[in-house]
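An overview of the molecular structure
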2 protein chains.
Amino acid sequence: MTRIVALDTSDVRFPTSLTLDGSDAMNPDPDYSAAYVRLRTDAPDGLEGHGFVFTIGRGNDVQVAAIRALAPHLVGRDAEELLADLGGVWRELVHDSQLRWLGPEKGVMHMAVGAVVNALWDLKAKRAERPLWKLLAAMSPEELVDLVDFRYLTDALTREEALEILRAAEPGRAEREAALLARGYPAYTTTPGWLGYDDAKLARLCREAVADGFGQIKLKVGADLGEDIRRMAIAREVCGPDIRIAVDANQRWEVDEAIGWVKELERFDLAWIEEPTSPDDVLGHAAIARGVAPVPVATGEHAANRIMFKQFLQAGALQVLQLDATRVAGVNENLAILLLAAKFGVPVCPHAGGVGLCEVVQHLAMFDFVAVSGTTENRMIEFVDHLHEHFVTPVEVTGGRYRAPKAPGAGAQLLEESIVEYTHG
Amino acid sequence: MTRIVALDTSDVRFPTSLTLDGSDAMNPDPDYSAAYVRLRTDAPDGLEGHGFVFTIGRGNDVQVAAIRALAPHLVGRDAEELLADLGGVWRELVHDSQLRWLGPEKGVMHMAVGAVVNALWDLKAKRAERPLWKLLAAMSPEELVDLVDFRYLTDALTREEALEILRAAEPGRAEREAALLARGYPAYTTTPGWLGYDDAKLARLCREAVADGFGQIKLKVGADLGEDIRRMAIAREVCGPDIRIAVDANQRWEVDEAIGWVKELERFDLAWIEEPTSPDDVLGHAAIARGVAPVPVATGEHAANRIMFKQFLQAGALQVLQLDATRVAGVNENLAILLLAAKFGVPVCPHAGGVGLCEVVQHLAMFDFVAVSGTTENRMIEFVDHLHEHFVTPVEVTGGRYRAPKAPGAGAQLLEESIVEYTHG
């Protein structure tokens, strides 16, 4: 028997605020951080499961404390038994009746469950000697729906409906896997668009994005309308008419303000308006979507759980669903969200950037292509060229496409020396 | 000048799971706990500001860590300046751009802000030698709206509309304050209704509730329909037809299940159905409200913030609004919620029980009566007869009514010996 013998945590913070990488209308000076967890076993293979929650600095210690609070659920237990029933583990962690009070199913405690669940998936994938996307894509529809907790979803998606979606995608799995390995998965880049960059840097980075083969870029907006118009004009001129340009307000606006602001920007041909207002405001987003149509509304990186996504879909409050690798309770909940998106026919364009979000979320998008939605149409993964050098298996993005990772695991593992160098305090 | 010289925290846990007090369909064995904070100043008066987040056991340490993360915002600062602008302090704490990422505005980090904000209000009220409700009820409409952050609310409630509501309630303030001091504020009791109690205890506690003058009791339901029908029959028989009986499912159901279950119980004449499903599910509650009408839907103790309440009101998803003293970011956000409820004409019946929730939330309901809604019609505060003995100023509930507290402060202060005896670990 293999036992989990330790759940170790680290408070890792990168001083990104010094360069204004990552500056937007709500987050002027983030220090990209990871509340990091590793699970160790007594197996002679020495394999570990790594996971993290992405934060932007202060409070990363609180997030680490929340992850540590889950240790009694795992340490000392049979790893094989746990890894054979990750649906059961998810339920046990999310529905711990005392810990649940701290959310429920949202915020620090919920994200902590996500980190631990993702670390278990990393361990499972490494033991299977497969990248996570491929491990998931090889599971049967029945095995996959067993991973999902349909509690609070059945008015929009039942287990039977989820099974149908997965069964319908079974036939082409092998062809799509081959296509993915050959051509990769589409990406778009946010690298040019941070508010802290001056015009020359904006123009240069737009030019480089086009030259690098990206079909879409994204600009941060929302702090000053005149500035936004000026920056959009530069970006549109440099990129030309054929590159899609999305804009991201990072929750800056009221409902009416969002509609008015987007009307002023729509002349630049917007791919989508992202996070126009509070991520909790389903009805507000629905009103904005009606008000700015046909410009699509995109959101999701701060949506707390599958229940919020369900409502955004039910209300027509988003037209582009941006799941996040570390905001919800890990792979299992993101599988529920992918199934919801497939049910409603809404494209998923995952949020990435930060620390390691690209590395982790690509597995979900690629699995979705092979085994859930079966398409990359109108879908792409965000890419930001930051901090990849700290990962054991950094993403490979070339020609505007994510290349399918082949290394075993879920992609979350930081280099030992990076952990040591950037451990806080 | 008076400086804040310390923010001290304690992890206080009461072993309530031993007696099944507080057992419901989702929380079988809570250990009622307080993530406790006290603010100390260098003033010779020795006055301290006390506040807490109520939790149910495991994870209370995580909540304490989150409160401690706010210390750099307060320690060393001028107390008089802070207390003179609690609206500004609220914005500073809630919108700290790095800490905000951990919610935003929900869960552990948001509740931590609530504890600290409430501790500041406690200090302010003690320095003013007034109970909190009276301190608030003496503020002008302009001063009160300055406490509220209208961000993400303006599509439902503007600052001007809030001012109108408060101005409309100004004329009768003195008479209502006198009435409150003379007659108290209506209460209902949940003491009889916990799932862990046997039939004899249920019947005895129902009988005692009626004898004590309560006009409404509440029963926990949702684990087993047959059991619920049996227990409701006992309660209705003991109470007779004139006592209102509410039921509380503690988030146990799916949408359709909730409607079907309530249909089976409505023959017992339900005062309301509380927390039928996920507290995040605005659209689900709206569907349930339509499906079980005219039985009112009550919820709010787990609603994460004012933005969720806004949507519940916009969607007709609740007919009874149950604000909670420690779930949202303190007095300021609860003032926003009281104003939203007044705007939509929905009665507020605060959640209480737990540790100290009765002691704290009564101030908000009484302030609402004097200065916001101006009425107690269809309004009452929950009462559970647990753990009051640990407070410096325990609630006084007689004849089914909360008696208006007269001691200075916000009611949150635990006895020193209780903190020492029940500090965890």
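The structure under discussion appears in the preceding block.
What comes next is a walk through the structure. (Residues numbered from 1 in each chain as written. Chains lettered and ligands numbered in written order. Predicted model: local features only at pLDDT ≥ 70, side-chain atom pairs only at ≥ 80, totals over all residues. Heavy atoms only, no water.)

Here's the deal with the overall build of chain A
How we decide: Numbering of helices and strands starts at the N terminus; helices are DSSP runs of H or I of at least 4 residues and strands are runs of E of at least 2. A radius of gyration in this sense is built from C-alpha atoms; the matching globule rule multiplies 2.2 Å by the number of residues raised to 0.38. With a 1.4 Å probe rolled over the protein chains alone, any residue whose accessible area is under 20% of its type maximum counts as buried; one over 50% counts as exposed, and the rest are partly exposed. It only takes one pair of heavy atoms within 4.5 Å for two residues to be counted as in contact. In this description, accessible areas are obtained by the Shrake-Rupley approach with a 1.4 Å probe, and a residue is regarded as covered only by the protein chains that are shown. We count Lys and Arg on the positive side and Asp and Glu on the negative side, and we leave His and both chain ends out. Charged side chains are reduced to one point each, which is NZ for Lys, CZ for Arg, CG for Asp and CD for Glu.
Across its full length, chain A holds 18 helices and 12 strands. Relative to its length of 425 residues, chain A is compact, with a C-alpha radius of gyration of 20 Å against a globular reference of 22 Å. Across its three principal axes, chain A shows a C-alpha extent of roughly 65 × 50 × 45 Å. Residues counted as buried form 67% of the 425 residues belonging to chain A. Sequence-distant contacts in chain A: of pairs separated by 6 or more residues, those separated by 24 or more amount to 76%. If you sum the accessible surface of chain A, you get close to 13300 Å²; carbon and sulfur atoms cover 50% of it. When the 42 basic and 63 acidic side-chain charges of chain A are each reduced to a single mean position, those positions are 2 Å apart.

Observations concerning unusual backbone geometry
In this model, Gly103(B) is joined to Pro104(B) through a cis peptide bond whose omega is -15 degrees. Note that the residue after Ala293(B), namely Pro294(B), is joined by a cis bond; omega there is 10 degrees. Checked against the element boundaries, Pro294(B) lands in the loop between helix H14 (282-292) and strand E8 (297-299). Even without glycine at this site, Tyr152(A) takes up a positive phi of about 70 degrees. Among the structural elements, Tyr152(A) can be located in the loop between helix H8 (141-146) and helix H9 (159-168).

Things to note about the packing of helix H4 (residues 86-94) of chain B against helix H6 (residues 107-127) of chain B
Residue and element names in this part refer to chain B. The cut-off we apply is this: With axes taken as lines fitted to C-alpha atoms, and helix axes fitted only over the stretch in contact, angles between N-to-C directions fall between 0 and 180 degrees. If an angle is under 35 degrees, it is roughly parallel; if it is over 145, roughly antiparallel; if it lies from 65 to 115, roughly perpendicular; otherwise it is oblique. Two helices that cross are described as forming a left-handed crossing if the nearer one is turned anticlockwise from the farther one by less than a right angle, and a right-handed crossing if clockwise. Each residue gets one of three labels, nonpolar for Ala, Val, Leu, Ile, Met, Phe, Trp, Tyr, Cys and Pro, charged for Asp, Glu, Lys and Arg, and polar for the others, Gly among them.
Between H4 and H6, the least distance of the axes is 10 Å, while the angle of their chain directions is 160 degrees. Between H4 and H6, the crossing angle belongs to the class labelled roughly antiparallel. As for the relative orientation of H4 and H6, their crossing is right-handed in sense. Contacts between H4 and H6 involve Leu86, Val89, Trp90, Leu93 and Val94 on the former and, on the latter, His110, Val113, Val116, Val117, Leu120, Trp121 and Lys124. Per-class residue counts for the contact of H4 with H6 are 10 nonpolar, 1 polar and 1 charged.

Side note on the environment of Arg77(B)
Residue and element names in this part refer to chain B. Structurally, Arg77 can be placed in the loop between helix H2 (71-74) and helix H3 (79-84). The spatial distance from the C-alpha of Arg77 to the C-alpha of Lys263 is 56 Å, given a sequence separation of 186 residues. Beyond its immediate chain neighbours, meaning those up to four positions away, Arg77 contacts Thr2, Arg3, Ile4, Leu82 and Glu92.

Looking at the packing of helix H10 (residues 173-183) of chain B against helix H17 (residues 357-372) of chain B
To describe two helices that pack against each other, one gives the angle between their axes and the distance between the axes. Residue and element names in this part refer to chain B. It is the contact of H10 with H17, at a shortest axis distance of 8 Å, that shows an interaxial angle of 145 degrees. On H17, the residues that touch Arg173, Arg176, Glu177 and Leu180 of H10 are Met366, Phe369, Val370 and Ala371. Classifying every residue of the contact of H10 with H17 gives 5 nonpolar, no polar and 3 charged.

A few points about the sheet that holds strand E2 (residues 33-41) of chain B
All names here are of chain B. Filter applied, for reference: Between any two strands, pairing holds if DSSP finds at least two bridges.
Pairing in this open sheet of 3 strands is antiparallel, and the strands run E1-E2-E3 from one edge to the other. The two strands at the open ends of the sheet, each matched to only one other strand, are strand E1 (4-13) and strand E3 (48-55). Between one strand axis and the next, the sheet turns by 15 degrees as a mean value, whatever way the strands run. Looking at chain direction, E1 and E2 are connected through 9 bridges and run antiparallel. Bridging across to E2, Leu7 finds its partner in Leu39. Contacts from helix H1 (residues 60-68) reach E1, E2 and E3 within the one sheet, and its direction differs from that of E1 by about 175 degrees.

Observations regarding the packing of aromatic side chains
Put simply, the rule reads: Aromatic rings from Phe, Tyr and Trp, with only the six-membered ring used for Trp, were paired whenever their centres fell within 6.5 Å, and each pair was classed as stacked if the ring planes differed by under 30 degrees, edge-to-face if by over 60, and tilted otherwise. When the NZ atom of lysine or the CZ atom of arginine is within 6 Å of a ring's centre and also within 35 degrees of its normal, the charge is said to sit over that ring.
Taken as a whole and assessed by the stated rule, the structure comprises 16 aromatic pairs over all chains. Ring geometry for Tyr32(A) and Phe54(A): centres 5.1 Å apart, planes at 80 degrees, overall edge-to-face. Taken as a pair, Tyr32(A) in the loop between strand E1 (4-13) and strand E2 (33-41) and Phe54(A) in strand E3 (residues 48-55) lie far apart in primary sequence, 22 residues in all. What makes Phe54(A) buried here is its relative accessible area of 3%. Arranged with centres 5.2 Å apart and planes meeting at 90 degrees, the rings of Tyr188(A) and Trp272(A) form a pair that is edge-to-face. Of the two residues, Tyr188(A) is situated in strand E4 (residues 185-193) and Trp272(A) in strand E7 (residues 270-274); the sequence distance between them amounts to 84 residues. Comparing Tyr188(A) with Trp272(A), the two get one shared label, buried. An aromatic cluster is built from Tyr32(A), Phe54(A) and Trp101(B), whose rings are joined through pairwise contacts. Directly above the aromatic system of Phe344(A) lies the positively charged group of Lys343(A), at a separation of 5.8 Å from the ring centroid.

Examining the environment of Ala84(A)
All names here are of chain A. The topology assignment puts Ala84 in helix H3 (residues 79-84). Relative accessible area serves as the criterion here: at 65%, Ala84 is assigned to the exposed category. Placed 40 residues apart in sequence, Ala84 and Lys124 show a C-alpha to C-alpha distance of 8.7 Å.

Considering the interface of chain B and chain A
To be explicit about the condition: Buried area is calculated as the accessible area (1.4 Å probe) missing from two parts once they are joined, with the contributions of both summed. Take a side-chain nitrogen of Lys or Arg and a carboxyl oxygen of Asp or Glu: if they are within 4 Å of each other, that pair is a salt bridge. Throughout this description, a polar contact denotes any pair of N or O atoms lying within 3.5 Å of each other; where both atoms belong to protein, one of them has to be capable of donating a hydrogen while the other can accept it, and for residues adjacent in sequence the pair is counted only when both atoms sit in side chains.
Tallying the contact residues gives 60 residues for chain B and 60 residues for chain A. Roughly 5100 Å² is buried in total at the junction of chain B and chain A, and carbon and sulfur atoms are behind 55% of that figure. One salt bridge connects Asp281(A) with Lys310(B), and the closest N-O pair in it is separated by 2.5 Å. Taken together, the links from chain B to chain A amount to 36 residue pairs in polar contact (both at pLDDT 80 or more). Of all the secondary structure elements, the ones that give two or more residues to the side of chain B that touches chain A are E3, H1, helix H5 (97-100), H6, H14 and helix H15 (306-314) of chain B. Looking at the side of chain B that touches chain A, the element that brings in the most residues is H15(B), giving 5 residues. Tallied by class, the residues present in the side of chain B that touches chain A amount to 28 nonpolar, 17 polar and 15 charged.

What about the pattern of salt bridges?
All names here are of chain A. Within the structure shown, the criterion is met by 54 salt bridges over all chains. When the shortest N-O distance is used, the salt bridge between Asp122 and Lys126 registers 2.7 Å. One end of the pair is Asp122 and the other is Lys126, both in helix H6 (residues 107-127) and 4 residues apart, which spans about a single turn. Lys126 sits in the buried class, given a relative accessible area of 11%. Residue Arg167 is joined to Glu142 by a salt bridge in which the shortest nitrogen-to-oxygen separation is 2.5 Å. Of the two residues, Arg167 sits in helix H9 while Glu142 sits in helix H8, which places them 25 residues apart along the sequence. Under the relative-accessibility criterion, Arg167 is labelled partly exposed at 38%.

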